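Here is what each chain is made of, one letter per residue.
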Amino acid sequence: MPEMPEVQAHAERLTAQFGGRILTRFTPFKFTALKTAVPPPDDAYGHPLVDVGRRGKYVLLRFEPVTFVVHLMQGGRLLADSKLSKKPRGGQARFSFEPVERDDGTIDETALLLTEQGTERRAGVWCVPTVDVLTAAPLDKLGPEAGDVEPDELAVLFEADSVRIHGFLRDQRKVAGIGRRLANEVCHRARISPFATTKKLGRDCAATVVDAMRACIAESLGDERLRDDMSSSKHRQSAVHKRTGEPCPVCGDTIRAVEYSGYTVNYCPTCQTGGRVLADNTTSRFLK
Ligand SMILES: [Zn+2]
């Protein structure tokens, strides 16, 4: 799933390509694509796209009256669409704009297409009054931005809950923008066990995690900004994520895994758990 750096860099590319274009139509291809009934998408027709922003893992297409909040989920993408076919493959919804003349005299009718591949059709669009967008569903439940949260604020959030740090980092209501890859990377960078309990971490550890989040996000965002389009997961860099059985780039110890349905926790015993190898059902087959 795209995390904060992928979504942020993509939003910046979309602003560069579509900023200022006048919306003429929003077309949902699936009944489930538009999650809201009021206000209607029509409220944005005739208005220029102010910019494409981001909150957590959501993309925000801002028009003056309303903002379209888009969640890409696992396999969703927002793509420049110049084919304009009636039934685009995997198409969930399309934003159509007034044609504009390019410098070379040709006409640009490129639309913005939300697609979702795979069987889980969960990507969606919420149409929200722009003045309320940060305080209305679906953004109202999000915690502070993972890249902006301050140590004192994070320490309070740690203290308020007794959960494992890996789960805490992936919980968008705690901090927004981190998913499975960055949760693994942040714990490794901070040299803490992914299974450490947040309530016991304290202020110093919150400061370490803040530094780790900022460093991991900055690194990924730097990579992502060099790309022409959003990376697929296999192109994203990692120190431990999806590197079960490989040597830790910091200390050379073997990276271990604990598997859950839907995701894998990767960690380095020497860097993170005082050398302790946690109960696991996958590494054995890599280490025989
Ligand atoms: Zn290590």
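Just above sits the structure.
The structure contained in this document is the topic of the report that follows. (Residues numbered from 1 in each chain as written. Predicted model: local features only at pLDDT ≥ 70, side-chain atom pairs only at ≥ 80, totals over all residues. Heavy atoms only, no water.)

Regarding the sheet that holds strand β3 (residues 58-62)
Sheet strands line up and pair through hydrogen bonds in the backbone, either parallel or antiparallel.
And step 1. Across the sheet, which stays open at both edges, the four strands sit in the order β2-β3-β4-β10 with antiparallel pairing between neighbours. Only two strands of the sheet have a single partner each, and these edge strands are β2 (51-55) and β10 (124-129). Here the strands of the sheet are splayed against their neighbours by 25 degrees on average, with no regard to which way each runs.
And step 2. Where helix α1 (residues 4-18) meets the sheet, it contacts β2 and β3, and its direction lies at approximately 170 degrees from that of β2. (Pairing = 2+ DSSP bridges. Helix = DSSP H or I, 4+ residues; strand = E, 2+ residues; numbered from the N terminus. Axes fitted to C-alpha atoms, helices over the stretch in contact; angles between N-to-C directions. Contact = heavy atoms within 4.5 Å.)

Concerning the packing of helix α2 (residues 151-159) against helix α5 (residues 202-225)
For any two helices packed against each other, one specifies the inter-axial angle together with the distance between the axes.
And step 1. One can describe the packing of α2 onto α5 by two numbers: an axis separation of 8 Å at closest approach and a directional angle of 115 degrees. For the pair α2 and α5, the sense of crossing is right-handed. Counted together, P151, D152, L154, A155 and F158 of α2 and G202, R203, A206, A207, V209, V210 and M213 of α5 form the full contact between these two elements.
And step 2. Class assignment of the residues belonging to the contact of α2 with α5 gives a composition of nine nonpolar, one polar and two charged. (Left-handed = near helix turned anticlockwise from the far one by under 90°. Nonpolar A, V, L, I, M, F, W, Y, C, P; charged D, E, K, R; others polar.)

Quick look at the packing of aromatic side chains
And step 1. Scanning the entire structure with this criterion turns up eight aromatic pairs.
And step 2. Ring centres 5.8 Å apart and planes at 90 degrees place the aromatic pair F63 and F68 in the edge-to-face group. Here F63 matches F68 in class, with each residue buried.
And step 3. An aromatic cluster of three or more residues is present, and its members are F26, F63, F68 and F95.
And step 4. Directly above the aromatic system of Y263 lies the positively charged group of R170, at a separation of 3.9 Å from the ring centroid. (Phe/Tyr/Trp six-rings, centres within 6.5 Å; stacked < 30°, edge-to-face > 60°. Buried < 20%, exposed > 50% of the residue type's maximum accessible area, 1.4 Å probe, protein only. Lys NZ or Arg CZ within 6 Å of the ring centre and 35° of its normal.)

A word on the coordination of the zinc ion
Under perfect tetrahedral coordination by four donors, a metal shows angles of 109.5 degrees; under perfect octahedral coordination by six donors, it shows angles of 90 or 180 degrees.
And step 1. For the zinc ion, every protein donor is listed as C248 (SG), C251 (SG), C268 (SG) and C271 (SG), and the spread of their distances is 2.2 to 2.3 Å.
And step 2. In this structure, the zinc ion is surrounded by four donor atoms whose angles at the metal cover 95 to 115 degrees, and the resulting shape is tetrahedral.
And step 3. Within one chain, the residues serving as donors to the zinc ion are arranged as C-x2-C-x16-C-x2-C.
And step 4. Looking at C248, the relative accessible area reads 4%, which means it is buried.
And step 5. For C251, a relative accessible area of 36% translates into the label partly exposed. (Donors = N, O, S within 2.8 Å, 3.2 Å for Na, K, Ca; no water. Tetrahedral: all angles 85-135°; square planar, octahedral: opposite > 155°, others 65-115°.)

A closer look at the pattern of salt bridges
Two side chains bearing opposite charge may form a pair once their charged atoms approach each other closely.
And step 1. Throughout the structure, instances matching the rule amount to 17 salt bridges.
And step 2. Its salt-bridge partner being K174, residue D161 comes within 2.3 Å of it at the nearest N-O pair. Taken together, the positions of D161 in the loop between α2 and α3 (165-170) and K174 in the loop between α3 and α4 (180-190) put the pair 13 residues apart, joining distant regions of the chain.
And step 3. Overall, the relative accessible area of 21% leaves D161 in the partly exposed class.
And step 4. Two residues, R189 and E219, come together in a salt bridge whose shortest N-O distance is 2.9 Å. Within this pair, whereas R189 is found in helix α4, its partner E219 is found in helix α5, the two being separated by 30 residues in sequence.
And step 5. The exposure class of E219 is partly exposed, given its relative accessible area of 48%.
And step 6. It is possible to trace a salt-bridge network through shared partners that takes in E3, E6, R181 and R236. (Salt bridge = Lys/Arg side-chain N within 4 Å of Asp/Glu carboxyl O.)

Considerations on the environment of Q17
And step 1. With respect to the helices and strands, the residue Q17 is situated in helix α1.
And step 2. Along the backbone, Q17 and D51 are 34 residues apart, and their C-alpha atoms lie at a distance of 9.9 Å.
And step 3. Beyond its immediate stretch of four places on either side in the chain, Q17 contacts A80 and T110.

Geometric values such as these leave the question of function open.
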